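Survey of secondary and tertiary structure
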Amino acid sequence: QVQLVESGGGLVQAGDSLRLSCAASGRTFSSYAMGWFRRAPGKERDLVAAINWSGINTNYADSVKGRFTISRDNAKNTVYLQMNSLKPEDTDVYYCAAARGGSYYKGPPLFSHEYDYWGQGTQVTVSS
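Here's a quick rundown of the structure. Small disclaimer: the values here were computed from a predicted structure and weren't measured. (Residues numbered from 1 in each chain as written. Predicted model: local features only at pLDDT ≥ 70, side-chain atom pairs only at ≥ 80, totals over all residues. Heavy atoms only, no water.)

1. With respect to the overall build of the protein chain
Counting its secondary structure elements, the protein chain contains zero helices and 11 strands. Beginning at the N terminus, the succession of helices and strands in the protein chain can be written as β-β-β-β-β-β-β-β-β-β-β. Computed over C-alpha atoms, the radius of gyration of the protein chain comes to 14 Å, within 12% of the 14 Å expected from 2.2 N^0.38 for 128 residues, which places it in the range of a compact globule. Each principal axis of the C-alpha atoms in the protein chain carries an extent, and together these give about 40 × 25 × 25 Å. (Helix = DSSP H or I, 4+ residues; strand = E, 2+ residues; numbered from the N terminus. Rg over C-alpha atoms; globule rule 2.2 N^0.38 Å.)

2. Some details on the state of the cysteines
All told, the structure shown has one disulfide when counted by the stated rule. C22 shares a disulfide with C96; S-S distance 2.0 Å. Between C22 and C96, the S-S torsion sits near -80 degrees, and that sign places the bridge as left-handed. Here C96 lies in strand 9 (residues 92-99) and C22 lies in strand 3 (residues 18-24), a separation of 74 residues in the sequence. A relative accessible area of 0% places C22 in the buried class. Overall, C96 belongs to the buried group, its relative accessible area being 0%. (Disulfide = S-S within 2.5 Å. Buried < 20%, exposed > 50% of the residue type's maximum accessible area, 1.4 Å probe, protein only.)

3. Quick look at the environment of W53
Here W53 lies in the loop between strand 5 (46-51) and strand 6 (58-60). Judged by relative accessible area, W53 falls into the partly exposed class, the value being 29%. Each C-alpha atom of the pair W53 and L86 lies 27 Å from the other, and the pair is 33 residues apart in sequence. Residue contacts for W53: discarding those within four places in its chain leaves S30, S31, Y32, A33, R72, N74, S103 and Y104. (Contact = heavy atoms within 4.5 Å.)

4. Observations regarding the pairing of strand 4 (residues 33-38)
The buried fraction of strand 4 is high, at six of six residues. Taken together, the six bridges between strand 4 and strand 9 define a ladder with antiparallel strand orientation. Bridging across to strand 9, G35 finds its partner in A97. (Pairing = 2+ DSSP bridges.)

5. Notes on the nonpolar core
Counting 27 residues, the largest nonpolar core has L4, M34, W36, L81, M83 and Y94 as its most contacted members. No other element matches the four residues that strand 3 contributes to this core. Once residues lying within four places of it in the same chain are set aside, the contact partners of M83 are D16, S17, L18, L20, R67, F68, Y94 and V124. Ranked by size, the runner-up nonpolar core spans seven residues in total, among them L47, A97, A99 and Y115. (Core = buried A, V, L, I, M, F, W, Y, C linked by side-chain atoms within 4.5 Å.)

Laid out in structure tokens, this is it:
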């Protein structure tokens, strides 16, 4: 079993920045693709950003491209989501997820059902 714990959410004003962190347990962190999801707008867990096992391939939702950056530090068993130029529509609960397997070269999974482990989420609220 893999345990994921998110942190770094909070209440900020439009245009501000936040960095979310997700700490993972176990020695197999480097073997997992990692992703960040949120429920808006359809109340499903939609992809925000994801990163593959090696960290060389990433994917982003169109709405956050150019503003958000996902990264990972396998030595610290941690994945990050740097969020810049935040907008009120970014308000949501953000979930960290891990997917088994994958490739060193290919991109990470893009859909929630492809992920095996989930954190409890961290609230991000952006006021105008």
